[in-house]
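# Examining the three-dimensional arrangement
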Amino acid sequence: MTGQVIAHDVLGTGSERALLLHNWFGDRSSFDPMRGHLNGDAFSYAFLDCRGYGEAIDTDGTFTMEEVAEDALAVADHLGWESFSVVGHSMGAKAAQLMLLNNPSRIRSIIGISAVPASGFPLEGEMWELFAGAAKNPGNRRAIIDHTTGGQRDSAWLDAMVSRSVGRSSARAFRTYLDSWARVDFHERVEGNPAPVLLLAGANDPVLGAEAMRATWMQWYPNAQLEVLPNTGHYAPEESPEAVAAAVERFLGR
């Protein structure tokens, strides 16, 4: 498989570069709240839409994490970025790990936000049906977003998240990506990987919070560090954008 240069945009002109991969419920606009808090003089950030999302909503594909990783590398090549870090939110962090495995000399570090581990995510029975049904049922999406933010967000916030999710993703891509990020396990390939890793976990995230990070990522990446964001659920770039931007730039600029 070879990637293609997918819909993207770049913020900043700095020498320290990072490529950002979005979560299952959001296209690259899910990072918009962070933009005003990023230092474009010191850093350069490339924001991508996965196929089937945002400006790439009509771009066909296999809708797998492998394809996301290949497309992201194609964008980096297009930009002339020889080495860079990858920021992955939720499912985006799983694709980031494939980029690291496939291009170890080019990926400087990974920042995972509520990061899906290389082992995938255990969804069985009714929980699997809830997630699988979310492709066609906005009510399922709302229930998932409400649960993964610890029930702390009001109806208007939840409704806005669901509306954007439905409007900026194709149901087929949304459903197909689920199989790839949730059910594929390649953790044995990443065990012992020396890459620097920063994990940002929301204190209110009952699914991919600090406990999940310690049981997975922290076991497999010896140079991983964890920061917990207070008053934050699964959607830190939107719930706590200033804190996420600050943590990202502390790590990238270290």
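Everything quoted here is computed from the prediction, not taken from an experiment. (Residues numbered from 1 in each chain as written. Predicted model: local features only at pLDDT ≥ 70, side-chain atom pairs only at ≥ 80, totals over all residues. Heavy atoms only, no water.)

## Examining the overall build of the chain
Within the chain, the secondary structure is distributed over twelve helices and seven strands. Compactness check: the chain gives a C-alpha radius of gyration of 16 Å against a globular reference of 18 Å for 254 residues, within 12% of the reference. Overall size of the chain, expressed as C-alpha extent along the three principal axes, is 45 × 40 × 35 Å. Within the chain, the fraction of its 254 residues that count as buried is 58%. Contacts spanning at least 24 positions in sequence make up 80% of the contacts within the chain whose residues lie at least 6 apart. (Helix = DSSP H or I, 4+ residues; strand = E, 2+ residues; numbered from the N terminus. Rg over C-alpha atoms; globule rule 2.2 N^0.38 Å. Buried < 20%, exposed > 50% of the residue type's maximum accessible area, 1.4 Å probe, protein only. Contact = heavy atoms within 4.5 Å.)

## Some thoughts on the side chain of Ser169
Tracing the sequence through the fold places Ser169 in the loop between helix 6 (155-167) and helix 7 (171-183). Residue classification places Ser169 among the buried residues on the basis of a relative accessible area of 5%. Within the structure, Ser169 has its side chain in polar contact with the side chain of Arg141 (distance 3.4 Å). Polar side-chain contacts of Ser169 include one of 2.6 Å to the backbone oxygen of Ser165. Sequence-distant contacts of Ser169, that is, excluding residues within four places in its chain, are made with Gly52, Tyr53, Ile57, Arg141 and Phe174. (Polar contact = N/O pair within 3.5 Å; in protein donor to acceptor, adjacent residues only side chain to side chain.)

## Digging into the nonpolar core
Membership of the largest hydrophobic core comes to 68 residues, with the highest contact counts inside it found for Trp24, Tyr177 and Trp181. Counting residues per element, this core draws most heavily on helix 3 (residues 91-102), which supplies eight residues. In contact with Trp181, other than residues within four places in its own chain, are Trp24, Met65, Met91, Lys94, Val116, Gly120, Phe121, Leu123 and Phe131. (Core = buried A, V, L, I, M, F, W, Y, C linked by side-chain atoms within 4.5 Å.)

## Describing the environment of Ile113
Note on placement: Ile113 falls in strand 5 (residues 107-113). Among all residues touching Ile113, those that are not within four sequence positions of it are Val87, Gly88, His89, Ser90, Leu200, Ala236, Pro237 and Val244.

## Side note on the side chain of Glu239
The topology assignment puts Glu239 in helix 11 (residues 236-239). Those residues within four positions of Glu239 in sequence are excluded, and the remaining contacts are Thr149, Arg153, Trp157, Thr232, Gly233 and His234.

## What about the sheet that holds strand 2 (residues 16-21)?
The seven strands lie next to each other as 1-3-2-4-5-6-7, forming an open sheet whose pairing is mixed. Sheet topology places strand 1 (8-11) and strand 7 (224-229) at the edges, where each strand pairs with a single neighbour. Within the sheet, the average angular offset between the axes of one strand and its neighbour, ignoring direction, is 20°. By the bridge criterion, five bridges tie strand 2 to strand 3 (residues 43-48) in an arrangement that is parallel. Directly across from Ala18, in strand 3, lies its bridge partner Tyr45. Of the strands in this sheet, strand 2, strand 3, strand 4 (84-89), strand 5, strand 6 (197-202) and strand 7 are in contact with helix 12 (residues 241-252), which crosses strand 5 at around 155°. (Pairing = 2+ DSSP bridges. Axes fitted to C-alpha atoms, helices over the stretch in contact; angles between N-to-C directions.)

## Considerations on the packing of aromatic side chains
The tally for this structure, following the rule as stated, stands at 14 aromatic pairs. Ring plane angle 45° and centroid distance 5.8 Å describe the contact between Tyr53 and Tyr177, whose orientation is recorded as tilted. Linking Tyr53 in the loop between strand 3 and helix 2 (65-79) with Tyr177 in helix 7, this pair joins segments that are 124 residues apart in sequence. Arranged with centres 5.6 Å apart and planes meeting at 65°, the rings of Phe63 and Tyr177 form a pair that is edge-to-face. Linking Phe63 in the loop between strand 3 and helix 2 with Tyr177 in helix 7, this pair joins segments that are 114 residues apart in sequence. Assigned by exposure class, Phe63 and Tyr177 land together as buried. Put simply, the rings of Trp24, Phe25, Phe131, Trp157, Phe174, Trp181 and Tyr235 pair up and form one aromatic cluster. (Phe/Tyr/Trp six-rings, centres within 6.5 Å; stacked < 30°, edge-to-face > 60°.)

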